[in-house]
Each structure stands twice: as C-alpha cells, then as structure tokens.
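Chain residues, written in single-letter form:
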Amino acid sequence: MQFVKADSKAIKNKWDELVSLNHCSVFSESVYLDATADNWSILYSDDFKSGMACPYVVKGGVKILVTPFFNRFMEWVGEPIPEEELIAALKGEFPVADLQVGRGFSLNQRIYQELDPGKLKLNQQAKRSLNKSVNFVVTREQNIPAMMDLLQNELQNRIHGINEQTLPILEKLVENYADKRLLQFNLLDGNNWLGGIWILETDTAVLYLKGTTNEEAKKSGGMYKLMLSAIEYAASRGKIFDFGGSNVESVRRFNLNFGAEDVVYSHISWNNAPFWWRIVKKIRDKWIKK
C-alpha cells in the first residue's frame, strides 16, 4: 500500500472516480474533504483499485490522523482488506490517530441513523409535534447567509462542534456544494422565515447536514416539519435518508421518532508520538479545560 497526497486536481479527480464507482458516502468526496480537512492524503492499495481518504493535521511536527468537523467517518473504498493490515499501514504514517471509520470495522462501535425509502413510521411524539406545526409552510430556496446567521445565533457554543472556529468550515462546505446537490428547506409562518435545514444529495442517499429554527418554532414542531419534508423528498427520489447521527441520546430519539434505524460505525485511536510531545499535549489539554 502507498500514500498519495491529495494536492492536485488530477489526483482528486482520480479519487472521486473510485468513490463514485463504489457508491461511497459524500464524506469521501474531494469537494467535501477540501472544505473540512486541513490536509488529506489517500492510502491506496498496490493496484490503486481501492483506498481510503486520510484527513490529518500537523501539530508540533507530528502528523495526526483525524475526523474533521462535519465528517462522520472515513471509509475504505473498493475491495476490502484485513482490518489489521489497514491499521498497520495507518500507524506507519500517522504516530497519532483519532479517527472514525465506517464500512466493516469492528472496533469501538458508534451509531448513526438512517431511514430507507418507504419505511417512514411516525410515532406519537412525532405526530403530536407535526400537528402543532400544521400552519407552517416549507419551501425550497437557498439563502446561505441567513442560515449562517441563524446557526451562529441559535447554536454557537450550545451544540458540540458549532463555534466560531467551525462555522467558517461549514460555510465553505455548503458553498462548495451550493451549485450542485445542496438543497435548503425553509420554514415559513406567513411571510416570516423561521429557519431551515441543509441536505446533500448523492446517488444513493440524502444526507441531513445541519439546520435549526428559532426557539418558538422549535416548540411548535418546526424541526419535525422540516425533517419530514426532507425525508419525503428522499423517498420521492428512491433514496435513503441519512440523519447525520447521532450518539447523543436526545438526538437519536428524535431521529427514531420517524422510524429510523441505527447503523454502526467505529472509532480508532492511538498515540505513538514522542514522549515529550505527549507531555506537552497533556499540559495543553489541562490548560484549555480551565
């Protein structure tokens, strides 16, 4: 196996062809990775017919394999290889890792939720919330600046991963897809815009990316109305609806209210950095927590 740095259009195009051929997730696409990762390379099999994108950061001269914000996981694309062989190759390149991985791994399992087309099944909580939202209307028009302002006001520093460092990453991500495959569902009460959600569409799935409403609309079932509209859109296209997560139990329950099912992925980590680096990191982490 060999690593190839994703630093040219030709390399990225070749990788995207492999991702598309194997109907892999949007998280493996070069456009998605360019928006969310500081750096990324590709670990290829010897015949270049399979591989995995490897996002990383460099701190103190040490390469750290990471899951970037707004990515769920990285996945092995193409013919599978033994798990231990892949991890050995990654450890040879990255002294430190904190990576979520999908497709066939057995380690440290986590979950997200999906809903197959035609499998929508609203429970009583969902029905009650949707009844509250009956006067709201859902439309589909893009307005990235308005959504970014609302996300900043409603979610910043309240939701893990949404802050002044990560919001520009999200903005770059949606702008990268604005002309292709990004849809925005908006919640209206008369002429009043109350919020919205973003979804990304692939060949096989519709992914919920991020969204919110104002607090009053939330209490009146606004997010249920938006999510139901996105789910119905996915079903009309014959595609899986991917809720985007979550291991957070309250979010998971919300997703299950629509009849979603848990899907398993994994987490791998190690720290083989020099001793001095680990000591510096420990001190830094303690300082940040104060």
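Everything quoted here is computed from the prediction, not taken from an experiment.

A. Structural view of the overall build of the protein. A count of helical and extended segments in the protein gives 10 helices and 13 strands. Taking 19 Å as the expected radius of gyration for a compact globule of 290 residues, we find that the protein reaches 20 Å, a close match to that expectation. With 290 residues in all, the protein has 49% of them scored as buried. For the protein, long-range pairs separated by at least 24 residues make up 73% of all intrachain contacts whose partners lie at least 6 apart in sequence. Entry remark: accessible area of the protein is about 14,900 Å², with carbon and sulfur atoms responsible for 50%.

B. Region of the structure containing a negative patch on the surface. A contiguous patch of negative charge on the surface is contributed by Asp46, Asp47, Glu84 and Glu85. Positionally, Asp46 belongs in the loop between strand E2 (39-44) and strand E3 (51-59).

C. Examining the pattern of salt bridges more closely. The final tally for this structure, using the stated rule, is eight salt bridges. Taking the shortest distance from any N to any O, the salt bridge between Asp34 and Lys12 comes out at 3.1 Å. Taken together, the residues span a long stretch of sequence, with Asp34 in helix H2 (residues 30-36) and Lys12 in helix H1 (residues 9-21) at a distance of 22 residues. Among the charged side chains, a network of salt bridges with common partners joins Glu201, Arg237 and Lys239.

D. Representation of the pairing of E3 within the structure. In terms of burial, E3 is a largely internal element, seven of the nine residues being buried. When E2 meets E3, the two strands line up antiparallel, connected through six bridges. Counted as the bridge partner of Ile42 is Ala53 from E3. Counted along the chain from E2 to the antiparallel partner E3, the turn is six residues long, and its residue Phe48 has a positive phi close to 60°. Here E3 pairs with strand E4 (residues 62-66) via four bridges, running antiparallel. If you follow Val58 over to E4, its bridge partner there is Lys63.

How each quantity is defined
Residues numbered from 1 in each chain as written. Predicted model: local features only at pLDDT ≥ 70, side-chain atom pairs only at ≥ 80, totals over all residues. Heavy atoms only, no water. Helix = DSSP H or I, 4+ residues; strand = E, 2+ residues; numbered from the N terminus. Rg over C-alpha atoms; globule rule 2.2 N^0.38 Å. Buried < 20%, exposed > 50% of the residue type's maximum accessible area, 1.4 Å probe, protein only. Contact = heavy atoms within 4.5 Å. Areas by Shrake-Rupley, 256 points an atom, 1.4 Å probe, with all protein chains shown as cover. Patch = residues over 30% accessible without salt bridge, like charges linked within 9 Å, V, L, I, M, F, W, Y side chains within 5 Å. Salt bridge = Lys/Arg side-chain N within 4 Å of Asp/Glu carboxyl O. Lys, Arg positive; Asp, Glu negative; His and termini not counted. Charge placed at Lys NZ, Arg CZ, Asp CG, Glu CD. Pairing = 2+ DSSP bridges.

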